[in-house]
Amino acid sequence: DHFKRVNDGYGHLSGDDVLIEFAALLSSSIRKIDVLGHWSGEEFMIICPETAKDNAVILAEKLRQLVATHEFKHVGTCTASFGVSELTAGDTIVTMLSRVDHALYAAKERAVIGLKSNRWC
């Protein structure tokens with residue numbers, strides 16, 4: 001959340017270090033069949049095959065808490081918001097990504113107003 005503040009306050013090299021550390025933290029906390037990728041800027045995506053939405057929500061909350069309690073080199077603690085969506089019948093990649101993007105921005109909005117729970121929905 002608010003990653004621009006990291007780059008502005010600590011510099012882009014430190015920001016890059018945070019992204020690398022963030023990716024390693026997520027990667028070490030997901031299953032071998034899950035796929036973690038850098039989506040854009042400070043956004044990442046995890047594809048969780050054979051996972052119902054309820055279980056993906058549990059994973060997102062686990063990862064959110066993990067990030068919030070992790071001490072990142074150079075910057076200390078950070079927060080992260082997560083959007084979760086499930087591929088449904090009739091979906092295209094565009095409709096599914098649009099839905100998860102909407103969920104992410106709803107979670108980020110909740111983070112801005114200080115709501116701690118359900119940041120992934």
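How each quantity is defined
Note that residues are indexed from 1 along each chain, following the sequence as it is written. Where totals are concerned, whole chains, interfaces and linings use all residues; where local detail is concerned, this predicted model gives features only for residues with pLDDT of at least 70, and gives and counts side-chain atom pairs only at 80 or more. In computing side-chain values, all of the structure's heavy atoms are included and hydrogens and water are not. Here a salt bridge means any side-chain nitrogen of Lys or Arg lying within 4 Å of a carboxyl oxygen belonging to Asp or Glu. Starting at the N terminus, helices and strands are each numbered in turn, a helix being any DSSP run of H or I of at least four residues and a strand any DSSP run of E of at least two. Think of it in three bands: with a 1.4 Å probe and only protein chains considered, a residue is buried below 20% of the maximum accessible area for its type, exposed above 50%, and partly exposed in between. For our purposes a nonpolar core is just a set of buried Ala, Val, Leu, Ile, Met, Phe, Trp, Tyr and Cys residues, chained together by side-chain atoms within 4.5 Å. Two residues qualify as a contact provided that any one of their heavy atoms is within 4.5 Å of a heavy atom in the partner residue.

Caption draft 1: Layout of the pattern of salt bridges. On inspection of all chains with the given rule, the structure shows 6 salt bridges. D8 serves as the salt-bridge partner of K4, at 2.6 Å between the closest nitrogen and oxygen. A residue pair is termed a helical-turn pair when its members lie 3 or 4 positions apart in one helix, as K4 and D8 do in helix α1 (residues 3–10) at 4 residues. Each of the two residues, K4 as well as D8, counts as exposed. Between D91 and R99 there is a salt bridge; the shortest N-O distance is 2.5 Å. Several salt bridges share partner residues, and in doing so they unite E42, E43 and K108 into one network.

Caption draft 2: How the structure looks around the nonpolar core. Ranked by internal contacts, the top residues of the largest apolar core, which has 21 residues, are V67 and F72. Elements represented by at least two residues in this core include exactly α1, α2 (12–27) and α3 (53–69). Aside from chain neighbours lying at most four places away, what touches F72 is V18, E21, F22, L25, V67 and C78.

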